[in-house]
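Structural overview for review
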Amino acid sequence: MEGLKSAGKGPNYHRLNGRIHGPFWFGAGKVDLRIVKILLVALAVVILAPYVIAPFYRIGHPVSTLMAWRSLRGAPMEREWIDLAAMSPALPRSVIAAEDAHFCKHHGIDWGALREAIDDAQEDGTPFRGASTITQQVAKNLFLWQGRDLVRKALEFPLALWIDLVLPKPRILEIYLNIAEFGPRGQFGVEAGSAYAFGKSAASLSPREAALLASILPNPVTRSAKTPGPGVRRLAATYVARGQANSLATCWRENR
């Protein structure tokens, strides 16, 4: 009977059965599991690294991921750091008026502006956009990638809350003004952007010039402070008025 059972199994039974249950398949499974574990650990390190690094940005001159990428590719990239205290007082005021009017009040995310942007997108049937705070843009520029997608937004939200917790508001603003793109040919930071547009330091900008720089955010490739079109000039006039308004909350020391 045992012989009949073995004969019925055919000559390839043990070979096939070994493939399914034998040590080779089990060993391959172990290798695959190790690879999965390594990938998960690497992913966790990538996600958690910004939370470890962010507190150390209280000092130094950090660069954005886009600045680093352009440098690696050999593309033009220009940035000269300037401290917040050395900038024209009109510059941070204009940028906050343009980009994040509640910067000094929220804790990294402007939930009211976010709800309005979501409601507008639902009413218009258009993709959600806007409502990014300066802190969110710092999180994106320092640690994430450009573009609009849900994965980046999901990573950006908690990171912005963390940055607001571990860095003071003036430092967040100072970093943003030194890593945001302010020119069409790789000019990063207000000092490089001011030199390109006006041939002067960001320390010497008039309220109108500061507002023109703020008006080209977030797209300094299609908008120009050097040769502003009607739309940029209208925005600049608005930001001059908003920036000089007494109602604009300030959370940094101004040199007037």
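Each remark here, short or long, concerns the structure printed above.
Attention here is on the structure that accompanies the text.

**Here we look at the nonpolar core**
- With 49 residues, the main nonpolar core has Leu-91, Ile-134 and Ile-163 as its most contacted residues.
- Of the residues forming this core, the biggest block, six residues, is contributed by helix α9 (residues 169-179).

**As for the packing of helix α10 (residues 189-198) against helix α11 (residues 207-215)**
- At a closest axis distance of 11 Å, the pairing of α10 and α11 adopts a crossing angle of 110°. Between α10 and α11, the angle is such that the two are roughly perpendicular. Each of Val-190, Gly-193, Ser-194 and Phe-198 in α10 lies in contact with α11, whose residues at this interface are Glu-209, Leu-212 and Leu-213.
- Classifying every residue of the contact of α10 with α11 gives four nonpolar, two polar and one charged.

**Quick notes on the packing of α11 against helix α12 (residues 230-244)**
- Here α11 crosses α12 at 120°, and the two axes come no closer than 8 Å. As far as their axial angle goes, α12 and α11 are oblique. Relative to α12, the crossing made by α11 is right-handed. Between α11 and α12, the residues in contact are Pro-207, Arg-208, Ala-211, Leu-212, Ala-214 and Ser-215 and Val-232, Arg-233, Leu-235, Ala-236, Tyr-239, Val-240 and Gln-244, respectively.
- Class assignment of the residues belonging to the contact of α11 with α12 gives a composition of nine nonpolar, two polar and two charged.

**Quick look at the packing of aromatic side chains**
- Evaluated as defined, the whole model comprises three aromatic pairs.
- Ring centres of Tyr-51 and Trp-162 lie 6.2 Å apart, and the angle between their planes is 50°; on these two criteria the pair is classed as tilted. Within this pair, whereas Tyr-51 is found in helix α3 (residues 23-53), its partner Trp-162 is found in helix α8 (residues 150-166), the two being separated by 111 residues in sequence.
- Here Trp-162 falls in the partly exposed class, since its relative accessible area comes to 28%.
- Judged by centre distance (5.9 Å) and plane angle (20°), the ring pair of Tyr-57 and Phe-143 falls under stacked. In this pair, Tyr-57 sits in the loop between α3 and α4 (65-73) while Phe-143 sits in helix α7 (residues 134-143), placing the two residues 86 residues apart along the sequence.
- We classify Phe-143 as buried; its relative accessible area is 18%.

**Section: the state of the cysteines**
- Scanning all chains against the criterion turns up one disulfide.
- The disulfide that involves Cys-104 links it to Cys-251, with 2.2 Å between the sulfurs. Here the disulfide of Cys-104 and Cys-251 is left-handed, its torsion about the S-S bond being about -70°. Note that Cys-104 is positioned in the loop between α5 (90-99) and α6 (111-124) and Cys-251 in the segment after α12, a separation of 147 residues in sequence.
- Judged by its relative accessible area of 22%, Cys-104 is partly exposed.

Thresholds, definitions, all that
- Residues numbered from 1 in each chain as written.
- Predicted model: local features only at pLDDT ≥ 70, side-chain atom pairs only at ≥ 80, totals over all residues.
- Heavy atoms only, no water.
- Core = buried A, V, L, I, M, F, W, Y, C linked by side-chain atoms within 4.5 Å.
- Buried < 20%, exposed > 50% of the residue type's maximum accessible area, 1.4 Å probe, protein only.
- Helix = DSSP H or I, 4+ residues; strand = E, 2+ residues; numbered from the N terminus.
- Axes fitted to C-alpha atoms, helices over the stretch in contact; angles between N-to-C directions.
- Parallel < 35°, antiparallel > 145°, perpendicular 65-115°, else oblique.
- Contact = heavy atoms within 4.5 Å.
- Nonpolar A, V, L, I, M, F, W, Y, C, P; charged D, E, K, R; others polar.
- Left-handed = near helix turned anticlockwise from the far one by under 90°.
- Phe/Tyr/Trp six-rings, centres within 6.5 Å; stacked < 30°, edge-to-face > 60°.
- Disulfide = S-S within 2.5 Å.

Worth remembering: the numbers are spatial, not functional.
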